[in-house]
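Residue-level listing of the chains:
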Amino acid sequence: WAGLVSVLEIDAEIAELEADRGVSFAKDEGLRFTHRDALFPLIETQVGKWDWAELDQAFGAAGCCYGPYQTMVDAAHNPVLVTENPIFNVTSNPSGETYPAAGAFATLPQMERRAAQPAPTLGRDSETILSTLLGLAPEQVNELKTKGLVASS
């Protein structure tokens, strides 16, 4: 926040806004969101005055947390976010589509990290759930399937 305010040279405007609204944006991101009606136009106007390369350099030097807008397709092909991120691996799915999927968000000591699994097909586990968890006999499961009440893969 301090870097953003400094780089955009909006110290005076922010101080005035804080005084008018009786708040301090310095340590409370929630307040910045709550008062976005006033902050967004101010920041948008100042950012609009910069060339991206210069703003990128200035924000980087100030330690700002920022980045260019990315579409979902851009993000899915971003090496830091997805393609070289160990959380993701490519899965082949029942739809026939192949795409990156997130696995476990952490690697635990003494546990092997497992790859992400493809999405299950509708009804894949119906018989197992009905028989083991609900205790239905195979005939009862078949009757539910025959009546179209239960799907199976």
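Residues numbered from 1 in each chain as written. Predicted model: local features only at pLDDT ≥ 70, side-chain atom pairs only at ≥ 80, totals over all residues. Heavy atoms only, no water.

(A) Representation of the nonpolar core in the model. With 17 residues, the main nonpolar core has Leu8, Ile10, Ile14, Phe25, Leu39, Ile43 and Phe59 as its most contacted residues. Elements represented by at least two residues in this core include exactly α1 (2-8), α2 (11-21), α4 (36-47) and α5 (52-62). (Core = buried A, V, L, I, M, F, W, Y, C linked by side-chain atoms within 4.5 Å. Buried < 20%, exposed > 50% of the residue type's maximum accessible area, 1.4 Å probe, protein only. Helix = DSSP H or I, 4+ residues; strand = E, 2+ residues; numbered from the N terminus.)

(B) Structural view of the side chain of Ser126. With respect to the secondary-structure elements, Ser126 resides in helix α8 (residues 126-133). Within polar-contact distance, the side chain of Ser126 engages the backbone oxygen of Ala151 at 2.8 Å. (Polar contact = N/O pair within 3.5 Å; in protein donor to acceptor, adjacent residues only side chain to side chain.)

(C) Structural detail: unusual backbone geometry. Within the chain, Glu9 stands out as a residue other than glycine whose phi angle is a positive 55°. As for its placement among the helices and strands, Glu9 is situated in the loop between α1 and α2. We note that Gln110 has phi near 65°; this positive angle belongs to a residue other than glycine. Note on placement: Gln110 falls in the loop between β2 (98-102) and α8. Residue Gln110 is classed as exposed on the basis of its relative accessible area, which comes to 80%.

(D) Geometry of the packing of aromatic side chains. Counted according to the given criterion, the structure contains three aromatic pairs. Ring geometry for Trp1 and Phe25: centres 6.0 Å apart, planes at 65°, overall edge-to-face. Here Trp1, found in the segment before α1, pairs with Phe25, found in the loop between α2 and α3 (29-34); they are 24 residues apart in sequence, far enough to count as distant. Using a relative accessible area of 25% as the deciding quantity, one classes Trp1 as partly exposed. Put simply, the rings of Trp52, Phe59 and Tyr66 touch in pairs and so form one group of aromatic residues. Here the guanidinium or amino end of Arg36 rests over the ring plane of Phe33, the centre of that ring lying 3.9 Å away. (Phe/Tyr/Trp six-rings, centres within 6.5 Å; stacked < 30°, edge-to-face > 60°. Lys NZ or Arg CZ within 6 Å of the ring centre and 35° of its normal.)

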